[in-house]
Every structure is written in C-alpha cells, then in structure tokens.
Amino acid sequence: MWRFAGKRALAALLVLFAISVLVFLIFFATPGIDPAARIAGRNASQETLTQVRASFGFDRPIWVQYGLMMQHLFINRDLTSFVNRGSQVIPQVMQAIPVTLSLVFGAALIWVVLALIMGVAATAARGTVIDPLILVIGVIGVSLPVFWLGEVVNLVTQSRLHDTVFAWVPQLGYVPLTDGVGPWALHLLFPWLTLAVLYAGIYARVLRSEMVASMNEDYVRMARAKGIGETRVLIRHSLRTSMISIVSLFGLDFGALIGGAALLTEVVFGLQGVGKLTYDSLQNFDLPVILACVLYASFFVVLANFIVDLLYAWLDPRVRHV
Amino acid sequence: MSEPLLDVRDLRVSFRTRTGVVTAVDGISFTVGPGDVVGLVGESGSGKSVSMLSVLGLIDNPNCVIEGQALFKGRDLLTMSDDELRAVRGQEIAMIFQDPMTALTPVYTAGWHISEQIRAHEKVSKKAALARAVQLLDAVGIPNAADRVNSYPHEFSGGMRQRVVIAMALSCNPSLLIADEPTTALDVTIQAQILELLKSLQSEFGSSIVLITHDMGVVSQMSDRVMVMYGGRLAEAGPRREVMRNPLHPYTWGLMASIPPTDGTRVARLAAIPGAPISPGDPDRDHCLFSARCRFVSDTCRPQPELVEHIPGHFDSCVLPFADRVELRRQAMTPLEVAP
Amino acid sequence: MSEPVVDEGGLLLKARQIAKHFPIRTSQGKQLVQAVDGVSLSVRAGETLGLVGESGCGKSTLGRCLVRLLDPTSGEVIFDGVDITTKSRRELRTLRLGFQMIFQDPYASLNPRRRALATVEEPMLTHSLGTNAEIRARALMLLEQVGFDPSYADRYPHEFSGGQRQRLGIARALAVAPKLLIADEPVSALDVSIQAQVLNLLSDLQRDNDLTYVFIAHDLAVVHHIADRIGVMYLGELVEVGSSTDVYTAPRHPYTEALISAIPVIDAEAEMRERIVLTGDLPSPIDKPAGCAFNPRCHYAQDICRTDKPTLQLLDDGREVACHFPL
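In short, a report on the structure. Everything numeric in this text was worked out from a predicted model, so none of it was measured.

**Quick notes on the overall build of chain B**
Reasoning step 1: Within chain B, the regular secondary structure consists of 11 helices and 12 strands.
Reasoning step 2: Considering only C-alpha atoms, chain B reaches an extent of 65 × 50 × 45 Å along its principal axes.
Reasoning step 3: Counting all 340 residues of chain B, 51% fall into the buried class.
Reasoning step 4: Within chain B, residue pairs in contact and separated by at least 24 positions form 66% of the contacts whose partners lie at least 6 positions apart.

Below, the structure written as structure tokens:
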C-alpha cells in the first residue's frame, strides 16, 4: 500500500510541475503578446512597465522567467496585482480558499449522504413505484440550473418569506469558522443545499444503477445462500462494491469544484471564494491573479485525484497490486 | 426407510414474461436421504439449476411462480417465512456455485466471508469465528491457512478459491450441500482434487449432497443415485449402477453416446442426438418433450408421460415397451458410419 | 537419443522451436510470461493432430502462433514448404488462404451485425475469389454442408443457438477452401449433445474436403476421439507426442498419466478407483520451476528432475517423451 501511495504522490508532483510550466508558457510565451503590458494593465505608466519588466525578468531567458514567477508565487509570495493598484495577490487567494473549501466540503458531505440514501432506497425498492420516483426526483435536481435555483432560494429566504418562515436565515455572505461554528454553518446552509441538489441527483442515479446490476452478480446470490439478511446483503455486499465506481466520479467533481467550478454558487450567494475571485480577475484581466487562481485550481484537482486514487485502493484490494 | 432429509413433491417453477409463461421446471419429485449423494444431470435449459435455486428461495425474480412442496426435515421450505428460510440457508442447507471467480465479494478477505457466515447463524465472537475459519481452510487443504485467511479472493487460484467456498459452505455443518456445477470452471486435474475433497468431507461430516452437473462422468464417480432431467422434467432416476449399466430412457442413451468412449477405443462418429436441447419457452408441453429429437417417436408419445418404476428404485418416463428397451438402446447407442 | 525425424514429404505443417514470451509488469517488476517455450511439431496432410493440456499450458497461444495471429518470439512455422514466419503482412495475405482458424466462443467470434450468409461470403469477398454470384452460390453451398436449411441464411448470430453459431464459424473458415484448419477449443462451450454433433460434422467435413486439422482442447477424451496423434502440453512445452490410442491407453509421461487418471469416466463398476490425484496448483508460466517443469507435482521425481530439463526424445516405439524416466 505504501509503495502504491508513494508512486502516486510522485506522479502527482510531476503533473503539478507540468501544469505550472504549461500555464506559464501559455500566459507568458505566447508570441505577439507583451506580458509586461498585460501584467501592468491598461493605461500603465512607463515606469510601471519598467518595474514589471525588471520584477519578472522579461528580458532574460524563459526558464529564468519561470523561476522568478514561481519565486514570486510561492517563496516570496509578493506577487503584485498592478491592475488592482498594487494589491498583493497571494493574500487574496489565501483569503478566498477557506470560503470555497467550506462551501464544497459541506455540500459534498450533504450530497454524498443524500445520494447514498436515495440510491440504496431505490435499489431496495426496485420493481416498485418508489424506485422511478426517486430517480425522477434525482433528474429534477440535475435539471435545475444552480444559479436559478440559488436565486430562487434567495428570493424565498431573503425577501419573500424572510419575515416569517426564514427569519433565521442570515444575510448573504461568509462568516469564518473562527467566528463560531453556528454562524458559519448557518450562512452556508442554503449554499450547501443548492449545490448539493445537483450532485445528489446524479450520484443517486449512478449508484442505483451500479447496485441494481450488482444484485444479479454471483457474489450477491452466494451471500443470500449463506443465510445473510437482505439488508446486510444490500449494504455490506452490494453497496460496498458499487461504491468503488462512485469514488472516481466523486474525485473529479470534488476537485473541479474546489478549483473554482462552484463559481455560480459563490456569485449568487455572495461568497468571496476562489471561483468569485477568478471571475472578477477575468473581468479585469488581472493576469497575476488569474495565474494564481489557475495554479491553485490545478493543485487541488491533482490533490483530489491523488486522494481518490488512495481511496480507490483502500476500497478495492484488487487495485493495490497494480 | 428412514425419513428423507429433502422431499421434493411436484415442484413447478415458471416465469411470467412478456411473451407468455416460460416453464423452467415442470413437476419433478424426488427425495434425498441422510448421507446420500444425488447427481442431478442435464444440459442447458433442463431446469436442474433452477429447481434447486427455487427450493432455497434464491431466485430474485418477481415474475417467478413456484408451486409444489419442498419438505426439509418435515418443514416445507416453499411456505416458510423469510426469516425461517434465512435460518435454514447456510446453516442446514448450503449451496455452492459454478464459478469460484465471481462467488465471493471481492472486497473482503476469505476469513471475513467464512466468519460472516458463522456469525449469521451462531453467537460467536469475531475472534472465535476467525479461528474457526483458519481451521476450516486447513481442513479443505489450503496450505498456510493462518496466513491465507487474510487473503482476498483474487489472490487465490481457481481451485483454491473453490476450496474456500467449500470451507465457507460447510462452516455451520449443514446436513445438505447443494453443489451447482462446482467443478465445471476448473481444469481436469483440479477437478479431480475438488471432487475427492467433496467426497472425503461428505463421509467425514455425513452431509448429503445434491450434485448438479452436465458431466455424466462426474455423476458416475460421485453419486449414489442419478437423476436425469430434460425440459424441466425427470427423464430417468435410479441408483447409479443401475442407470449407468442399464439406462432406460432414450435421452439418457443419447447423452451417454454423445460422450466419446473413455476406454481407449475410437469410433469414427458419435451416436449424437439430432436437434438442440429444448427451450423452456415452448408452450406446447402436452407430449414427451424429448420426442422432437427421438428416433423412436410415435403417437404414444402424446400426452406427456409420467415416471414409471419398471425396476425397483429405477424410474423413467418413456412409453416405449419395457421389453424392447435393451434392443432399442443398442440401436440408439451404435454410431452411424456415415452422416444420415 | 535422437531428434524426431519425420519424412518431410507428406508434411503440411512443420513448427520448429516456437517460443512466445509476453513481457509484463507485476508488483515484482518486469517479468516474462513464457507462454510457449520451444515447441516443435509436425502435421501430415490429411491427419488430425490434437493438442491437449490445462490452463496455462500454452496450447491456444501455440495455435495462434501457427497461423501468425500472434508473431512467435522465436522459431519458424513452415506451411506447405513455405516459411510463414518471415513473410510480411502483405505476403501473408495470400498465404492465409491455406490455413484458417475456428474459435472457442462462437458468439464472440461472429460479427453480430452481419447475417449468416454475409459472414460466410466475407472471406471470399476480401480475397476476391470470384464474382459476387459465384461467391453467393458457394456460401449457400457451405451453409448447407454444415447442416443449415437455406432459410437460415438471413439470420443474425443472436438468432442462432451455440452449436449453430459454431457451425457458422466452421462454414466461414471453409469459405476460402483452406487445407489446414486450426480449431481452438471448438466444442468446449457447447452442451454435450451438441458437442457430439459438431464433432461428427468436423469428421465428415475432413473426409469430404480433404482437410488437415490441428485440434486444441483441454478434454482428453474428446481429443482422443477426433485426433490421430496427440501432443500433450504442460507449461508451454510438449511433454508427450504419439498416436492417439497409444498415448491414451499407455501414457509414458507422468503428467499424461495423471491427466488421463483425472478424467471422470462412466465406469459402472468402479467405486473410487485408485486415482492419481496431483497435489498443488498449476504453476504459473511466469515462474517456471527449475529443471523439469512438472517436477514439483510429479510422483516419480528424482534429483536430476529438479536440475536438468528433459528434452523431447524419440523412443523406440515411436513415442516422443520429455522425461528423464519415461513410464
């Protein structure tokens, strides 16, 4: 198991390195574009331009530029956003990270639990009317665009029914965990639910179809022949084996969400997460911020996949020897 | 004669499909006594597997209709509640299947599987169950049982995996073991090992075995009694020596003649049965189902014949005159020199 | 001690020291699966050579090497005087008209989207063996030869039973009028009664079309029935070769003896007769034992068997055995 983990960790590091080089080249080595001008922003003064050139070493060989950029990003952490009048990039990103992490972790927990309940219930009730009913609920969840759903939720909780049913719902925005778990969770409750609805639907469907297929497998029949109760067969044999294929799906989704795909949810609910930050920086074409966001996003996607690989091996012993 | 362990009476299993009713088992009756080894022989579509699966309630199809009685130690398995049936499965009647590759949930170890079965029926601690699992693995001939108890199914070879399955099946000392083609997926030298293992365990524990197979040789080697199934019905049943030496039903003749001689002689052609094994979906069951492929078919083959006991203990369901059987058998089992 | 010498005149197929190794990566690093490890055999025109053995013995791999569906790692295959191992893909194309293969799984080897007639016509069309009308007529004739009513020509594979699909595969193999047919476990997946029909069909076709067969199977009784000569394989090597009846009734290699003994027979008289039951599993072709490959499971093994690998030798009764102490 350790060898497996070690190999995967090495692979992950290599992937990260490759991504950083690729991203760097795209931004700074595209012919015809003057990266200095891009970084300095529109209407930059001449001295700003010179400052930028010196700071990033644009008159030096490409690998030195790469090295300097990485130094600015990770070692000195003094990457400056010139568009935003000299504000520091890294602290901005670091502030946005906990917001996104809170949102995605909470939503993921809710959607996994929901999907498990819905998937297992649909499998246990297969053949009856409950099975397609659950799946239809899932489809509805998938079909509602998250920004629409979010706005509707806001409409209901923040304005229409704010004085009556939803008086306890706080203002839009994020409250850090350090201010108390209660307020933190309360502010994130509806964003969590909104984001989870979409994914719960997909995962319930996938889980159900995997489990129903597994119920026809020899090992399920063998388990029944042993005199095991139906519930245990469902959970310990069918679900346990079906979960394996859910895990890799989860890894991709989770990684992408942390990397900024939760953008729409963040915008709708006024959460200053990484998604929102990326969105804003794209509006302003604030190159250093974009660069930092992209690298941050890819780091988390790679990390998520790495964890998923480990989880996969832990769940399925057949994979460990590969 | 002591009371039979398993007494199946007029068992019928059919499936409702969109195209009509498919009859998989069409009224079979037989008994299994304590310590008996009964061989149930048939080809695809004969209903041999379905009949035993239905007795244990293992058919997971809501469109399946089961009729008749299956008395185990006097209690009818087909009318038992789910809880009662679950108590019987694994503890009093154990079943093993053909493909050892897919019989065990791949994410749990051999020890876990055996332990799960024991703890489903007996109140023992995890530790005690695991210790018993090691003993069982040893008893079925798995080397290094103490280590192998923590191995996963995919870490065993086919023959070893089947041994694990056998160990698991016998963990609660069942009085009846149903083995559904247990060696078909294994190489012939491994098959010999497994059959020998089953035979020795059977004599040591005194359990009865219903051995389902398509291989007449396996049946001949292992069983005390033989039952030949065709089209969901019993074509012939009797003591092994009787049936092998003096088969009475044309289907049995055909089956035995289809196998190349094993005594060292060679023949140019085999006395094969023409046509294909009957499909269970055929609605017209008012005649002997084998008659479509039988050389000796006549009008007397309609309506469907019943099992008749011509020789004590030896039953068959053919309407051909008993006196003619020996001669007809000789004809049926002599291969033709050229194609008809 | 002599190299088997056969009269080269009537030989249709001759294989010399065929080896096929598959490099794989396992948890122990790079390893070599020695699927076929130095096999030499010959087949006369008109005869049936049976190749028998259990899982991992390499018989299927060998069969594929003989028709170059797999390229041998080393060794030569000489078909009708021509060394096909050195031919390019283009040159092989016309040579392939001489040898064809039928497979074990009749469903997997037929294109499910093609009707029966089209399946049989395809090889002829590929090689342009006549006008469309001639090809069609020959295809219909072949379907009849394997026992199909003309109405079956328009059916799809899924509308056939297992035995019927196998007949279709045979008809397809015969389409180009080959001289040699390699049958890789053609009846293993079939019911016993259907198996007998297909075996009869193969005998009839051999007689009517002057065919030579290499019949690969794990069932020694079936191979003994259909083959004139038998080659027994174990872990990629030929351990015994001889006439069918001789090998079956008087085996001279300990593995052959155990294999025959393991076959369950319909012997009304026998209780559990004295059988030779081999201990242990079939070893893997990755990690072959030193010396004789069979020595760990052999009842007669002696010291020399663990160190020196025996080669296939011709004994005075015409048998070839790879053993230091032939029975």
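Having seen it, we continue.
**Comments concerning the overall build of chain A**
Reasoning step 1: In terms of helices and strands, chain A carries 13 helices and two strands.
Reasoning step 2: The buried share of chain A, taken over its 322 residues, is 36%.
Reasoning step 3: Sequence-distant contacts in chain A: of pairs separated by 6 or more residues, those separated by 24 or more amount to 69%.

**A look at the packing of helix H10 (residues 250-258) of chain B against helix H11 (residues 325-333) of chain B**
Residue and element names in this part refer to chain B.
Reasoning step 1: Relative orientation of the contacting elements H10 and H11 amounts to 35°, with a least axis distance of 9 Å. In the packing of H10 onto H11, the handedness of the crossing is right-handed. Facing Pro250, Trp253, Gly254, Met256 and Ala257 of H10, the residues of H11 in contact are Arg329, Ala332 and Met333.
Reasoning step 2: Residues belonging to the contact of H10 with H11 are distributed by class as follows: six nonpolar, one polar and one charged.

**Some remarks on the interface of chain B and chain A**
Reasoning step 1: Between chain B and chain A, the residue contacts involve 24 residues of the former and 21 residues of the latter.
Reasoning step 2: Within the residue set of the side of chain B that touches chain A, elements represented by two or more residues are helix H2 (82-88) and helix H3 (110-121) of chain B.
Reasoning step 3: It is H3(B) that provides the largest number of residues to the side of chain B that touches chain A, a total of four residues.

**Here's the deal with the interface of chain C and chain B**
Reasoning step 1: Taken together, the 39 residues of chain C in the interface contact 40 residues of chain B.
Reasoning step 2: For the side of chain C that touches chain B, the secondary-structure elements that each account for two or more residues are helix H6 (192-209), helix H7 (220-226), helix H8 (244-249) and helix H9 (254-262) of chain C.

**Details of the packing of helix H10 (residues 230-261) of chain A against helix H13 (residues 287-315) of chain A**
Each pair of packed helices can be summarised by the angle the axes make with each other and by the distance between the axes.
Residue and element names in this part refer to chain A.
Reasoning step 1: Where H10 contacts H13, the two axes come as close as 8 Å, and the packing angle between them is 165°. Comparing their axes, H13 and H10 come out roughly antiparallel. For the element pair H10 and H13, the recorded crossing hand is right-handed. Between H10, through Met243, Ile244, Val247, Ser248, Phe250, Gly251, Phe254, Gly255, Ala256, Ile258, Gly259 and Gly260, and H13, the contact on the second element is made entirely by Cys293, Ala297, Ser298, Phe300, Val301, Ala304, Asn305, Val308, Leu311, Tyr312 and Leu315.
Reasoning step 2: For the contact of H10 with H13, the residue count by class is 16 nonpolar, seven polar and no charged.

**Thoughts on the sheet that holds strand S4 (residues 64-72) of chain B**
All names here are of chain B.
Reasoning step 1: Strand order in this open sheet of four strands is S2-S1-S4-S5, and the pairing throughout is antiparallel. The strands lining the two open edges of the sheet, one partner per strand, are strand S2 (20-32) and strand S5 (75-76).
Reasoning step 2: Of the pairings in the sheet, the one linking strand S1 (residues 6-17) to S2 comprises 10 bridges and is antiparallel in character. Bridge pairing in S2 places Leu11 opposite Ile28.

**Details of H10(A)**
Reasoning step 1: For H10(A), spanning 32 residues, the distance from its first C-alpha to its last is only 40 Å, which falls clearly below the expected 46 Å at 1.5 Å a residue.
Reasoning step 2: At A:Leu239, H10(A) shows its strongest bend, of approximately 40°.

**Here's the deal with the sheet that holds strand S4 (residues 74-79) of chain C**
Residues and elements named next belong to chain C.
Reasoning step 1: One open sheet holds the four strands; their spatial order is S2-S1-S4-S5, and the pairing between them is antiparallel. Two strands in the sheet have a free side with no partner beyond their single neighbour: strand S2 (29-44) and strand S5 (82-83).
Reasoning step 2: Pairing between strand S1 (residues 11-26) and S2: 13 bridges, direction antiparallel. Each bridged residue has a counterpart across the sheet, and for Ile18 the counterpart in S2 is Val39.

**Concerning the environment of C:Lys288**
Residues and elements named next belong to chain C.
Reasoning step 1: In this fold, Lys288 is placed in the loop between H9 and helix H10 (303-307).
Reasoning step 2: For the pair Lys288 and Gln34, spaced 254 residues apart in the sequence, the C-alpha separation amounts to 8.2 Å.
Reasoning step 3: Not counting residues within four places of it along the chain, the set of residues in contact with Lys288 comprises Gln34, Leu235, Pro283 and Ala293.

Reading the values: the criteria
Residues numbered from 1 in each chain as written. Chains lettered and ligands numbered in written order. Predicted model: local features only at pLDDT ≥ 70, side-chain atom pairs only at ≥ 80, totals over all residues. Helix = DSSP H or I, 4+ residues; strand = E, 2+ residues; numbered from the N terminus. Buried ≥ 20, exposed ≤ 12 C-beta atoms within 10 Å, placed from the backbone. Contact = placed C-beta atoms within 7 Å. Axes fitted to C-alpha atoms, helices over the stretch in contact; angles between N-to-C directions. Left-handed = near helix turned anticlockwise from the far one by under 90°. Nonpolar A, V, L, I, M, F, W, Y, C, P; charged D, E, K, R; others polar. Parallel < 35°, antiparallel > 145°, perpendicular 65-115°, else oblique. Pairing = 2+ DSSP bridges. Expected span 1.5 Å × (residues − 1). Bend = angle between axes of the 7 residues up to and from the residue.

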